[in-house]
Amino acid sequence: MLRAENVGAVRHADRVSPETTTTSEYGIVGVRDVDFTLDRIAPAADLAHLVERHWLVSWELPPGRTASVTLLGHPCVNLVLDRGVLSVAGIGSGRFTYVYEGVGRVFGTKFRPGAFQPFLGSPVSGLTDSGMLAEQLWGPPAAALAASMTGPVEELITQVEGFLRARLPEPDPHVQLVGRIVADLLHDRTITRVDDVVSRFDIPPRRLQRLFSRYVGVSPKWVLRRYRLHEAAARLAEEHDRPWAEVAAELGYFDQPHFTRDFTAAIGMTPVAYARACRRNEAALST
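Residues numbered from 1 in each chain as written. Predicted model: local features only at pLDDT ≥ 70, side-chain atom pairs only at ≥ 80, totals over all residues. Heavy atoms only, no water.

Trainee: Requested: an account of unusual backbone geometry, with residues and values cited.
Mentor: Unusually for a residue other than glycine, R83 sits at a positive phi of about 55°. Topologically, R83 is positioned in the loop between β7 (78-82) and β8 (85-89). One non-glycine residue, D129, adopts positive backbone phi at about 60°. Structurally, D129 is set in the loop between α1 (117-120) and β11 (131-133). (Helix = DSSP H or I, 4+ residues; strand = E, 2+ residues; numbered from the N terminus.)

Written as structure tokens, this is what we have:
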């Protein structure tokens, strides 16, 4: 049964505790209409060490109308069913805009950072800014799975989780280590540099870089910056009149020009322009 609470156009499934969360709930940014519904659903307990959540985006637009949403992705691999095609989507290093029309839906399973590597068997960096058909990884059974995924979201989740259980990899201690590091990058505001990770986890810098390249697909610096920018965009959207320099400082950016460069590169607007757009209700709440 889908358990969720309504929050406007976004419905949040029962959340895992903050201590075990490894991805933020932010990532939808920029100018958009609130004309779709986003459901987030927690995975089964026996898969929660590998899967962060399932999600479903659905919409129903009047004939002749199109809409779009811009996403600033997470450091996660997703298994995505879109228009009958099941694919493995790697991390997108930049913004991604999805255009939709008519009536439709997209279903996805978001893996925890690093947790897809044992399924893939090769460096996840090979999927960054790209992806592959699920059939390329798992053969005809993946194509059969895609063809059968036509029911309600509860059935989609049951089908995907059954498929994953049949292919569970052996436990990998590196996945657990990456999960602990990423959780700290997400939740601990005292971490402002990769050197802080090196010291906390007593791991040499080069080994840390290799670990993230193989298991996450991007660098630890990228993950840290992305999480902070997710939160910065959300705060500017929610607190229109708050000085952006104050937000930057709270998130560990003590060099304001550095924050402005990072924010503009990721979001496509300066912090000031983004806050103004939010004030005019042109930019959506980051969720």
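Trainee: Tell me about the packing of aromatic side chains, and name the residues and values.
Mentor: What the rule picks out here adds up to 13 aromatic pairs. Considering the side-chain rings of W59 and Y100, the 5.0 Å spacing of their centres and the 50° angle between planes classify their relative orientation as tilted. A residue pair is termed long-range when its members are at least 10 positions apart, and W59 in strand β5 (residues 51-60) and Y100 in strand β9 (residues 95-101) qualify at 41 residues. As far as the burial class goes, W59 and Y100 line up, both buried. Between F263 and Y274, the ring centres sit 5.7 Å apart and the planes meet at 70°, which makes this aromatic pair edge-to-face. (Phe/Tyr/Trp six-rings, centres within 6.5 Å; stacked < 30°, edge-to-face > 60°. Buried < 20%, exposed > 50% of the residue type's maximum accessible area, 1.4 Å probe, protein only.)

Trainee: Give me the side chain of T109: which residues, what numbers.
Mentor: Relative to the elements of secondary structure, T109 occurs in strand β10 (residues 103-111). Among the residues examined, T109 registers a relative accessible area of 0% and is labelled buried. A distance of 2.9 Å separates a polar atom in the side chain of T109 from a polar atom in the side chain of H54. Ignoring anything within four residues of it in the chain, the contact list for T109 reads V51, R53, H54, W55, V77, N78, L79 and V160. (Polar contact = N/O pair within 3.5 Å; in protein donor to acceptor, adjacent residues only side chain to side chain. Contact = heavy atoms within 4.5 Å.)

Trainee: Help me get a handle on the packing of helix α8 (residues 220-238) against helix α10 (residues 256-267), residues and values and all.
Mentor: Two numbers describe how α8 lies on α10: the axes approach to 10 Å, and their chain directions differ by 85°. As the angle between them shows, α8 and α10 are arranged roughly perpendicular. Here R225, L229, A232, A233 and L236 of α8 lie close against α10, whose contacting residues are F259, D262, F263, A266 and I267. Residue composition of the contact of α8 with α10, grouped by class: eight nonpolar, no polar and two charged. (Axes fitted to C-alpha atoms, helices over the stretch in contact; angles between N-to-C directions. Parallel < 35°, antiparallel > 145°, perpendicular 65-115°, else oblique. Nonpolar A, V, L, I, M, F, W, Y, C, P; charged D, E, K, R; others polar.)

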